[in-house]
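In case you want the letters, here they are:
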Protein chains: 2
Amino acid sequence: MSQRKRTEIAELGEFGLIDHLTRNATTSSKHTLRGVGDDAAVVAAGRNDATVISTDTLLEGIDFDLTYFPLKHLGYKAVVVGVSDILAMNALPEQVMISIGVSAKLPVEALEDLYEGVDFACKELGVDLVGGDTTASMTGLVINITAIGRAKRKALSYRSGAQFNDLICLTGNLGAAYLGLQLLEREKRVLKDVANPEPQFAGYEYLLQRYLKPRARKDIVDILAEEKIVPTSMIDISDGLASEVLQICKASKCGARIYLDRIPIAKQTTALAEEMHIDPVVAALNGGGDYELLFTVPLAMQEQVMRLGVVDVVGHITRETTGAYLVTPDGSDIKLRAQGFKEE
Amino acid sequence: MSQRKRTEIAELGEFGLIDHLTRNATTSSKHTLRGVGDDAAVVAAGRNDATVISTDTLLEGIDFDLTYFPLKHLGYKAVVVGVSDILAMNALPEQVMISIGVSAKLPVEALEDLYEGVDFACKELGVDLVGGDTTASMTGLVINITAIGRAKRKALSYRSGAQFNDLICLTGNLGAAYLGLQLLEREKRVLKDVANPEPQFAGYEYLLQRYLKPRARKDIVDILAEEKIVPTSMIDISDGLASEVLQICKASKCGARIYLDRIPIAKQTTALAEEMHIDPVVAALNGGGDYELLFTVPLAMQEQVMRLGVVDVVGHITRETTGAYLVTPDGSDIKLRAQGFKEE
């Protein structure tokens, strides 16, 4: 390849890269209902139903650090990461498959811990572990989760369905998982050379839990079904609010306005952010790992959505030409930017 | 974990390990038709159909060496590895999803090559690329393939259906992929310190092709459908004949006798094996990577199967108590052993 142009991955960014690489992907099977570009692929299952399938890879050193990430939690989190993609389609998770690449240096007992977490999450979320394998790894631990779910076709929420004037709704609060990670990293640095390290987590247990044992918001998909609400679009917060809003805008060919003072941030998040000189809003926008759900509904549903008591309306959909902005309390507009391989 | 017992992965072996870890996996969803323990999981799709889903991880340094594995071929092979699992269920592949963990050091052009191979395989096999993502990797290249297929439920072949006296049938020939790998490894060693290496592959092109660009035997599943033959059991040859026969025996609770002189081995395989002082039968039994199909049919179908012209009958199913053996031309029996993390 010595004669060829060399383009750095950072030039395209993570999302630009996958769009670029899959630009030729076309679908031809009559059973393929949705291909690349959403939280999960969608294939036909009978006349009215659909099977949704997602895949995620977690890599040691990138997605987790075994110095402080208990393997049981990691197994649990792997299932949540997969299931969250299914929920983001407004579908219900039914099965997961776990593939593991593992160094022969890890003892069987460590993998037992990992699978204990997998089993626990499966039971809690009502999904079946239906497959997977283990292979040798030369380097770090590699975990792949394939999650499978099901929905009525007409109940599916794609990223591409947001409409002008739709409300942008958000479950839970943001930034806590990112701050939990920052806390763990800080204690790791501080206690690097200490013989019997006793990390100081008092008062921040909630943040640790949000990072090490995030919830999959199956309760939300259940509530939406009970209330007969089908979001016009939906995505889960894995990369941060900014990135997810931009994904909806791109897929739906629309713009968005997010109001900074409406972004829900937990007290512990604000407290630790202050202590660590981090802007909690930046943590919410770009931190990621919250696995909350972001969805849009028509403006007319405002009252119905508010009555649920489990979502905040954080903004609304605008025309594509308007772009996607964060609106600060003093009324200034800040253009939303996504993060990935590089900070754009 | 200092107080806990430490069990080495090698003590259980690869297959023992995954059985051990998934021993508590039970299924509760009415849509889960088959869970762990086969080439793919099976979920309901309408009243008569099923969706089959498999997942495989390919790791740099374990499953491929980028020194000599062209990325275009690697993308192609990744799809074949996934699709082969679907075919092994007697199902037809329809979709694949590819997840890649990649070091930022690789240029975009390298990933374009990889995806060119993916696209080529998808077109050749008639499957849609429906998803995937790229994430940063701290270490080597990590590729995960999720393959999705479909079949009439009653046409599915599980590993568990082999019956006493069934014929054991095999497509193609074995050991070629393993010898192709040995050839590439030899040239890599020999040319390690050479400035402009010119590896010598003349006469062994077929072996390289079998390793670098294996075929997925979709033709076989098509022929079986045309002939209305539903194998009583089926598996693909990813780990070697010995391992796959043992998997069928374990799942079907039966024994097997494989006749050494009936194992099809290509001329180039025998020639290079001789040159490299490798027993070609050992390559066939334990080499793996051939992605041929191994299946069983009732004894009464012998003539019909032979007439297909694309399979060899290499043995037959016996009682479980008899065990699984390789029968040599002089009539002696050698117990079949699987390989995995360790040579058992």
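For the structure, see preceding data.
Not measured: the values here are computed from a predicted model.

Colleague: Help me out: how do you make sense of the relation of the copies chain A and chain B in this one?
Modeller: Between the two copies of the chain lies a relationship made up of a rotation around an axis and a movement along it. Note on the identical chains: chain A maps onto chain B by a rotation of 180° and an axial translation of 0.0 Å, with an RMSD of 0.0 Å. The relationship between the two copies is best expressed as a two-fold rotation axis. Residue by residue, 100% of the interface of chain A is reproduced at the interface of chain B, so both copies engage with the same surface.

Colleague: Looking at this structure, how should I read the interface of chain A and chain B?
Modeller: Frequently, the measure chosen for interface size is the accessible area that the parts lose on association. Contacts between the two partners involve 75 residues from chain A and, on the opposite side, 76 residues from chain B. Contact with chain B buries area across many residues of chain A, yet Leu21, Val108 and Glu109 of chain A alone supply 9% of it, more than any other trio. At the boundary of chain A with chain B, the tally comes to zero salt bridges. Looking at the side of chain A that touches chain B, the elements with two or more residues in it are helix 1 (9-21), strand 1 (32-34), strand 2 (41-45), strand 3 (49-59), strand 4 (92-102), helix 3 (108-125), strand 5 (128-136) and strand 6 (142-152) of chain A. Looking at the side of chain A that touches chain B residue by residue, the class counts come to 30 nonpolar, 29 polar and 16 charged.

Colleague: Could you clarify how one ought to interpret helix 2 (residues 71-87) of chain B in this entry?
Modeller: Because each turn of an α-helix spans 3.6 residues, side chains separated by three or four positions end up pointing in the same direction. Along its 17 residues, helix 2 of chain B runs 24 Å from first to last C-alpha, staying within 8% of the 24 Å computed at 1.5 Å per residue. Buried residues dominate helix 2 of chain B, accounting for 15 of its 17 residues.

Colleague: Any chance you could explain the sheet that holds strand 6 (residues 142-152) of chain B here in plain terms?
Modeller: Neighbouring strands of a sheet are bound in pairs by backbone hydrogen bonds; such pairs are parallel or else antiparallel. Pairing is mixed in the open sheet, where six strands are placed in the order 1-2-3-6-4-5 (chain B). Looking at strand neighbours, the two that pair on one side only are strand 1 (32-34) and strand 5 (128-136) of chain B, the edges of this open sheet. Neighbour-to-neighbour, the strand axes of the sheet open up by a mean angle of 25°, direction not taken into account. Two strands pair when backbone bridges link them, and strand 2 (residues 41-45) of chain B and strand 3 (residues 49-59) of chain B are joined in this way by five bridges, in the antiparallel orientation. Paired with Ala45 of chain B across the two strands is Asp49 of chain B, which belongs to strand 3 of chain B. Against the sheet, helix 1 of chain A contacts strand 4 (92-102) and strand 5 of chain B, and its axis sits at roughly 160° relative to strand 5 of chain B. On the sheet, helix 3 (residues 108-125) of chain B packs against strand 4, strand 5 and strand 6 of chain B and is oriented at approximately 170° with respect to strand 4 of chain B.

About the criteria used
Residues numbered from 1 in each chain as written. Chains lettered and ligands numbered in written order. Predicted model: local features only at pLDDT ≥ 70, side-chain atom pairs only at ≥ 80, totals over all residues. Heavy atoms only, no water. Least-squares fit on C-alpha atoms with pLDDT ≥ 70 in both. Contact = heavy atoms within 4.5 Å. Buried area = accessible area lost by both parts, 1.4 Å probe. Salt bridge = Lys/Arg side-chain N within 4 Å of Asp/Glu carboxyl O. Helix = DSSP H or I, 4+ residues; strand = E, 2+ residues; numbered from the N terminus. Nonpolar A, V, L, I, M, F, W, Y, C, P; charged D, E, K, R; others polar. Expected span 1.5 Å × (residues − 1). Buried < 20%, exposed > 50% of the residue type's maximum accessible area, 1.4 Å probe, protein only. Pairing = 2+ DSSP bridges. Axes fitted to C-alpha atoms, helices over the stretch in contact; angles between N-to-C directions.

Function cannot be read off these values alone, since they describe shape.
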